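Structure assessment
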Amino acid sequence: MIWKLLTLLFLITAIIMFLDLTPQQISDDIVSFTTPKETLRSKAHALRTGKKKKSIGERLIYTQNALTAMGKGGKFAFVVCSSLVLLAAGAAVAVLIGNIFLIPTFAAFLAMIPFIYVRNSMSAYEKHIKDELETALSIITTSYTRNESLIESVKENLDYIKPPLNNHFAAFVNDATFITSTTQAIKNLKAKIDDEIFREWCDALIQCDSDSVMKDTLEPIVAKMTDVRLVNSELSTMMAEVRMEYYTMVGLVVGNVPLLYVLNKDWFHTLVYEFAGKFTLGLCGVVIFVTYLFMLKFTKPIEYKG
């Protein structure tokens, strides 16, 4: 069995060398292959429900864009290729231990490791961006309420806005001053930052451009960011406890396998070497993987939905 795996490994390596594939080319091909073309049905579903389903390719593109914003865009190809290598390694480990039912679980879990690392890095980066965005909107809104000039308000606070947000607001000043109208500059700024509250703030600014009385709506909008941050801070400890309970339960389930070897070797032999036992282990692996995805989904920080 080991020789077969080694032969397969050498064959894959030979194909990669023969086709002269690079990590960047492989990652681009995977993104292109996993991104479906937008159909009339998908457009109708998005208009009807107000939600657009994200494909695997779109999530990969989002990850690539996030890494680029973090200044690590060159690592995306490495992440994708590492995931492919770990996927093959997980399948190989399942074959080596003689349980083909564990192939999907081992392959999926190992393939997710690079993306879990990136996800944790992105979460910290996004939290930093939201904190800086809250500060930027607060000081700009305070200045705008005082002098009723958005361009001057942004100019006088540019030194207090940290990267990468200061680049976006500096571009807004240049657009509004030399290139286009203030309204169009606000729309351009709105498209650069993916945040629901920020978009609402930009829409209110557009209304303020034609009616200065609307500036009183800006403070309550900025206050929403503070409310979301406070709620997430209160929930973070609770969610950490939930995650710890989940990991404890998974540890107990997985730990029962070597424990059986000590308590009852016949049961251990049945579980590890018999068909029914292998199927049970494979089923447990699938359940753990699916529940892990749900755990990530339900314990992530809340977001404001307008």
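Residues numbered from 1 in each chain as written. Predicted model: local features only at pLDDT ≥ 70, side-chain atom pairs only at ≥ 80, totals over all residues. Heavy atoms only, no water.

**Observations concerning the overall build of the chain**
Secondary structure assignment for the chain yields 13 helices and zero strands. N-terminal to C-terminal, the α/β element order of the chain is α-α-α-α-α-α-α-α-α-α-α-α-α. By the burial criterion, 28% of the 306 residues in the chain qualify as buried. Look at the contacts in the chain between residues 6 or more apart in sequence, and 59% of them connect residues 24 or more apart. Working note: accessible area of the chain is about 19700 Å², and carbon and sulfur atoms make up 66% of it. (Helix = DSSP H or I, 4+ residues; strand = E, 2+ residues; numbered from the N terminus. Buried < 20%, exposed > 50% of the residue type's maximum accessible area, 1.4 Å probe, protein only. Contact = heavy atoms within 4.5 Å. Areas by Shrake-Rupley, 256 points an atom, 1.4 Å probe, with all protein chains shown as cover.)

**Examining the packing of aromatic side chains**
Following the criterion strictly, the structure yields nine aromatic pairs and no others. Summarising the aromatic geometry, the rings of Phe 109 and Tyr 292 are spaced 5.9 Å apart at their centres and angled 55° between planes, so their arrangement reads as tilted. Of the two residues, Phe 109 sits in helix 6 (residues 103-147) while Tyr 292 sits in helix 13 (residues 275-298), which places them 183 residues apart along the sequence. Residue Tyr 292 is classed as buried on the basis of its relative accessible area, which comes to 10%. For the pair Tyr 246 and Tyr 247, a centre-to-centre distance of 5.8 Å together with 65° between the ring planes defines the contact as edge-to-face. (Phe/Tyr/Trp six-rings, centres within 6.5 Å; stacked < 30°, edge-to-face > 60°.)

**Things to note about a nonpolar patch on the surface**
A contiguous nonpolar surface patch, about 440 Å² in accessible area, is contributed by Leu 259, Tyr 261, Val 262 and Leu 263. Its place among the elements puts Leu 263 in helix 11 (residues 218-263). Among the residues examined, Leu 263 registers a relative accessible area of 63% and is labelled exposed. (Patch = residues over 30% accessible without salt bridge, like charges linked within 9 Å, V, L, I, M, F, W, Y side chains within 5 Å. Salt bridge = Lys/Arg side-chain N within 4 Å of Asp/Glu carboxyl O.)

**Here's the deal with the confidence of the model for the chain**
Summarising the model, the chain shows a mean pLDDT of 80, and 80% of its residues fall at 70 or more. Per-element confidence in the chain ranges from a low mean pLDDT of 54 for helix 3 (residues 40-49) to a high of 91 for helix 13. (pLDDT = per-residue confidence, 0-100.)

**Overview of the packing of helix 12 (residues 265-273) against helix 13**
With their axes 5 Å apart at the nearest point, helix 12 and helix 13 run at an angle of 70° to one another. Considering their axes alone, helix 12 and helix 13 lie roughly perpendicular with respect to each other. On helix 13, the residues that touch Thr 270, Leu 271, Val 272 and Tyr 273 of helix 12 are Phe 275, Gly 277, Lys 278, Thr 280 and Leu 281. (Axes fitted to C-alpha atoms, helices over the stretch in contact; angles between N-to-C directions. Parallel < 35°, antiparallel > 145°, perpendicular 65-115°, else oblique.)

**Thoughts on the environment of Ile 113**
Structurally, Ile 113 can be placed in helix 6. Along the sequence, Ile 113 and Ser 82 sit 31 residues apart, while their C-alpha atoms lie 8.9 Å from each other.

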